[in-house]
4 protein chains.
Amino acid sequence: MGLIRGAPPSRLPPPAALRPERLVPVAPESENGSVSKDRLEAFSDGVFGFAATLLILGIALPAGHRYVTEHDLRVALFALWPNALAYALSFTMIGIVWQNHHVLSRTIARVDRVTVLLNLILLGITAFIPFATGLLGSYPWSRSAACLYGLTLTASATIFNLLMMHLARSNAFLPAISQRAIHDTAVSYRVAWLTYAVGTMIALASPGISFAFYVGIAIFHLIPRGVDSDAIAP
Amino acid sequence: MGLIRGAPPSRLPPPAALRPERLVPVAPESENGSVSKDRLEAFSDGVFGFAATLLILGIALPAGHRYVTEHDLRVALFALWPNALAYALSFTMIGIVWQNHHVLSRTIARVDRVTVLLNLILLGITAFIPFATGLLGSYPWSRSAACLYGLTLTASATIFNLLMMHLARSNAFLPAISQRAIHDTAVSYRVAWLTYAVGTMIALASPGISFAFYVGIAIFHLIPRGVDSDAIAP
Amino acid sequence: MGLIRGAPPSRLPPPAALRPERLVPVAPESENGSVSKDRLEAFSDGVFGFAATLLILGIALPAGHRYVTEHDLRVALFALWPNALAYALSFTMIGIVWQNHHVLSRTIARVDRVTVLLNLILLGITAFIPFATGLLGSYPWSRSAACLYGLTLTASATIFNLLMMHLARSNAFLPAISQRAIHDTAVSYRVAWLTYAVGTMIALASPGISFAFYVGIAIFHLIPRGVDSDAIAP
Amino acid sequence: MGLIRGAPPSRLPPPAALRPERLVPVAPESENGSVSKDRLEAFSDGVFGFAATLLILGIALPAGHRYVTEHDLRVALFALWPNALAYALSFTMIGIVWQNHHVLSRTIARVDRVTVLLNLILLGITAFIPFATGLLGSYPWSRSAACLYGLTLTASATIFNLLMMHLARSNAFLPAISQRAIHDTAVSYRVAWLTYAVGTMIALASPGISFAFYVGIAIFHLIPRGVDSDAIAP
């Protein structure tokens with residue numbers, strides 16, 4: 001996907017020729033990848049962080065109204081509880097996406113065009129979460145809002161599954177990563193996809209239960225348990 | 001908290017197997033940590049910087065109104081002084097949180113699941129500050145606004161205390177950090193927590209005094225004094 | 001463009017004297033550039049990522065209206081489809097700009113004042129995209145909106161062409177980059193410019209066709225094809 | 001300003017003890033500084049980039065109005081020209097601040113508490129620019145708007161002068177930086193301060209001329225001229 005802007009297929013050799021990772025000695029700090037992977041991570045981290053912070057715009061008092069008594073303001077603030085809950089929920093979800101992205105990124109040796117494309121779609125879906133969250137917070141009992149929220153999470157999980165399939169098929173993982181580990185991770189991704197799809201289905205029947213279901217998933221993911229598999233030995 | 005999305009407890013081995021810091025030779029520049037810690041810092045820095053910049057949205061002229069005379073506009077601008085003060089206050093507070101985060105991050109050798117979880121909650125609270133600040137600036141004499149602001153700061157200090165406890169209990173600090181230093185820092189965190197809790201209490205009685213109290217805390221923290229403990233010898 | 005703030009031409013020697021890359025031994029990790037290039041990339045990545053994330057503000061239900069029935073909300077959400085399409089389109093476009101920027105940045109050895117200036121203008125145009133996108137999404141059948149959008153993309157392509165010309169003329173490319181590769185890339189940039197200019201022309205006749213044309217360009221760029229020229233050998 | 005949150009003066013030793021740059025071997029890539037300086041730059045770059053991108057929110061069609069004819073929309077868009085001009089102006093100004101920050105940061109060997117404090121204030125002023133810009137764009141003929149804009153730029157230049165004074169007085173510059181270079185740069189900073197102060201004065205008499213004056217300053221800074229003092233020898 002190098003110099004893709006306007007480069008017709010017959011022009012592909014030039015970008016290849018411009019590819020510096022073949023020409024320039026690789027800097028010592030990028031042992032298991034290239035500057036390319038570093039900047040992909042930096043760009044992705046930026047979008048994840050911005051999207052998470054932008055969520056706060058989903059918590060807002062009705063515009064154009066000025067509260068004159070303490071009581072009115074307090075009532076209006078307490079009425080924002082679904083917005084606050086949706087904020088906490090989505091902040092957690094983006095944190096989980098960031099973390100999965102991080103772990104996956106550390107295990108791969110190659111970044112090819114398809115990976116970049118899927119990554120871009122993942123970022124686009126993640127940056128969409130603030131809209132879906134604001135809607136869910138403002139209309140917590142609406143089927144449309146709960147469905148859109150569930151569809152957004154399901155879309156994100158879909159991309160993770162496609163990414164996993166592509167990485168496995170193209171042998172993009174570091175040699176040290178076992179086939180067993182890849183397979184088991186792929187299975188866990190499929191389970192996650194199913195969970196979000198079920199949550200979206202529930203939304204059609206009962207938006208409130210669906211909202212509670214998403215919160216349950218987030219809490220389940222947050223509770224540290226089992227072996228501390230991310231610990232870094234000193 | 002590795003591949004946590006949808007990974008049931010029985011699936012924990014795969015993420016462990018995917019853990020590249022055991023498999024890949026550590027790059028020379030990450031002596032006292034890992035890439036993991038670097039990306040945690042990058043993600044956190046992004047949220048801190050973005051939350052601080054988003055504060056400016058809390059200073060705004062009433063929407064939907066167009067000022068026709070110079071006098072009206074000037075009056076409307078001067079009426080924004082509590083918003084401007086709240087902006088300066090919260091910018092400083094986020095700066096202080098960023099700095100504490102920075103110092104703490106440099107002293108630890110391990111990043112485990114609980115640390116990542118507490119860090120995520122800290123980021124969520126920090127990203128909430130723009131809302132609490134906008135409210136405080138718009139309703140500076142409201143008990144609800146001053147209380148919510150105080151609770152937000154207290155929540156942030158609570159996470160720092162929990163983080164400190166967890167890091168100390170799990171021996172996550174670099175070997176060179178003395179027990180004395182850890183203990184004294186923990187004490188200073190508890191003092192900070194108490195200060196914010198007191199500010200929140202004051203808000204119940206007098207929102208104005210509470211606002212002034214927060215400004216006082218910020219100024220106290222900002223004044224450079226004593227040994228220049230962050231100086232870096234050439 | 002060193003210490004440019006207020007530095008009259010006769011004062012230019014001081015910045016030169018302050019230039020640390022002549023004075024300080026170059027750190028081992030910056031083999032094909034300098035810290036300067038790194039910070040230019042970091043600043044640019046920040047603006048690209050943030051501009052992409054801000055696009056979401058272009059998808060919003062009409063302010064000040066509260067939907068009371070499920071049906072009304074669903075109708076209002078479906079009416080946002082041009083906004084959603086414009087969002088996806090611009091997210092892709094910014095992703096493409098980011099990628100071209102990335103590839104170009106990796107192939108150059110020098111960052112001079114003109115490069116910094118052109119880069120700043122490119123960032124300013126990119127940060128303008130959220131406004132043009134919101135307008136296109138809200139007024140998809142308007143000639144003005146489609147034209148402004150096309151002009152924004154054309155302006156971006158213009159800067160890329162100017163940048164390419166300047167880099168070629170000033171021999172800023174790494175020695176390993178062949179003249180052939182530079183020439184062919186320059187040609188592909190001109191083709192891209194022409195495409196956007198044509199899209200803008202079409203907007204004058206039919207905004208809808210122009211919108212579809214831009215979406216077509218984005219899809220064309222996204223489809224991975226030909227040799228995987230960005231693959232990184234393990 | 002180490003572990004400053006709530007740390008009373010008598011508690012200062014602990015942060016000193018926690019200071020890892022004395023305890024941990026310095027990583028090879030941070031020859032002329034420390035990780036501290038790197039993270040200060042990263043946080044600052046983030047705020048600069050976000051503030052620049054947030055400027056776009058200052059260009060907006062009047063909220064709550066839906067344009068039905070092509071003519072009305074076109075007229076409304078053309079009426080935004082002061083907003084667009086203010087956007088371009090402030091984007092340039094933030095770019096200049098970023099660049100000065102960059103150059104200064106590369107020439108110093110020490111980051112102490114006062115530097116961190118002044119840097120924080122500089123960031124707070126920079127993040128305020130979007131508000132001042134939106135106001136200037138919406139009320140280009142208002143004395144209040146032009147004055148506030150001028151005061152914001154003057155405040156930014158004031159911090160740069162204070163920073164320069166502090167760095168010079170505390171011998172924070174790298175040994176290779178000559179006294180002559182420091183002196184000349186300090187003079188150019190004072191000239192810049194004077195320019196902005198004059199612009200603010202003009203605003204009191206004629207806001208329009210003041211706006212044009214700022215645009216003139218920006219263009220003056222942007223034109224590359226003289227020796228290409230930022231060029232990096234291959």
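Remember, predicted model here, so these are calculated numbers, not experimental data.

Colleague: Can you walk me through the side chain of B:Asp184 in this structure?
Modeller: Residues and elements named next belong to chain B. Mapped onto the elements of the fold, Asp-184 is located in helix 7 (residues 179–205). Since its relative accessible area comes to 6%, Asp-184 is described here as buried. Within polar-contact distance, the side chain of Asp-184 engages the side chain of His-183 at 3.3 Å.

Colleague: Looking at this model, I keep getting lost on the packing of aromatic side chains. Mind explaining?
Modeller: Any two aromatic rings considered together are summarised by their centre-to-centre distance and by the angle between their planes. Taken as a whole, this structure holds 34 aromatic pairs over all chains when the rule is applied. When the ring of B:Tyr149 is compared with that of B:Tyr214, the centres are 5.4 Å apart and the planes differ by 55°; the resulting orientation is tilted. Of this pair, B:Tyr149 sits in helix 6 (residues 143–169) while B:Tyr214 sits in helix 8 (residues 207–222), and the two are 65 residues apart along the sequence. For B:Tyr149, a relative accessible area of 1% puts it in the buried group. Taking relative accessible area as the criterion, B:Tyr214 reaches 0% and is therefore assigned buried. Taken together, a centroid distance of 5.8 Å and an interplanar angle of 50° make the contact between C:Tyr87 and C:Phe91 tilted. In this pair, C:Tyr87 and C:Phe91 are both assigned in helix 5 (residues 81–107), 4 residues apart and thus about one turn of the helix distant.

Colleague: I tried to follow helix 4 (residues 81–107) of chain B on my own but got confused; where do I start?
Modeller: Given 3.6 residues per turn, any residue in an α-helix points the same way as the ones three and four places further on. Given a rise of 1.5 Å per residue, 27 residues ought to cover 39 Å, and the 39 Å separating the end C-alpha atoms of helix 4 of chain B matches this to within 8%. When you tally the buried positions in helix 4 of chain B, you get 23 out of 27 residues, the bulk of the element.

Colleague: I would appreciate a short explanation of the packing of helix 6 (residues 113–138) of chain A against helix 5 of chain C in the present structure.
Modeller: Each packed pair of helices is defined by two parameters, the angle between the axes and the distance between the axes. Where helix 6 of chain A meets helix 5 of chain C, the closest approach of the two axes is 10 Å, and the angle between their N-to-C directions is 130°. On the basis of their axis angle, the class for helix 6 of chain A and helix 5 of chain C is oblique. Considering the relative orientation of helix 6 of chain A and helix 5 of chain C, their crossing is right-handed. The residues of helix 5 of chain C that touch helix 6 of chain A, namely those facing A:Val116, A:Leu120, A:Leu123, A:Gly124, A:Ala127 and A:Phe128, are C:Tyr87, C:Phe91, C:Thr92, C:Gly95 and C:Gln99. Its residues assigned to classes, the contact of helix 6 of chain A with helix 5 of chain C comprises 7 nonpolar, 4 polar and no charged.

Colleague: Would you explain the confidence of the model for chain A in this entry?
Modeller: All names here are of chain A. The predicted model of chain A has a mean per-residue pLDDT of 80, with 80% of residues at 70 or higher. Note that residues 1–35 has pLDDT below 50 and, in this model, 99 contacts with residues that lie over four places away or in other chains. Our summary of model confidence lists the complex with pTM equal to 0.83 and ipTM equal to 0.81.

Colleague: Teacher, can you tell me more about the packing of helix 5 (residues 81–107) of chain D against helix 9 (residues 207–222) of chain D here?
Modeller: Residues and elements named next belong to chain D. It is at 10 Å that the axes of helix 5 and helix 9 come closest, and there the two elements cross at 45°. As summarised for this structure, helix 5 and helix 9 are arranged oblique, according to the angle between their axes. Crossing angle aside, the handedness with which helix 5 passes helix 9 is left-handed. Listed contacts from helix 9 to Pro-82, Leu-85, Ala-86, Leu-89, Thr-92, Met-93 and Ile-96 of helix 5 are Phe-211, Tyr-214, Val-215, Ile-217, Ala-218, His-221 and Leu-222. Taken together, the residues that form the contact of helix 5 with helix 9 break down as 12 nonpolar, 2 polar and no charged.

What counts and what doesn't
- Residues numbered from 1 in each chain as written.
- Chains lettered and ligands numbered in written order.
- Predicted model: local features only at pLDDT ≥ 70, side-chain atom pairs only at ≥ 80, totals over all residues.
- Heavy atoms only, no water.
- Helix = DSSP H or I, 4+ residues; strand = E, 2+ residues; numbered from the N terminus.
- Buried < 20%, exposed > 50% of the residue type's maximum accessible area, 1.4 Å probe, protein only.
- Polar contact = N/O pair within 3.5 Å; in protein donor to acceptor, adjacent residues only side chain to side chain.
- Phe/Tyr/Trp six-rings, centres within 6.5 Å; stacked < 30°, edge-to-face > 60°.
- Expected span 1.5 Å × (residues − 1).
- Axes fitted to C-alpha atoms, helices over the stretch in contact; angles between N-to-C directions.
- Parallel < 35°, antiparallel > 145°, perpendicular 65-115°, else oblique.
- Left-handed = near helix turned anticlockwise from the far one by under 90°.
- Contact = heavy atoms within 4.5 Å.
- Nonpolar A, V, L, I, M, F, W, Y, C, P; charged D, E, K, R; others polar.
- pLDDT = per-residue confidence, 0-100.

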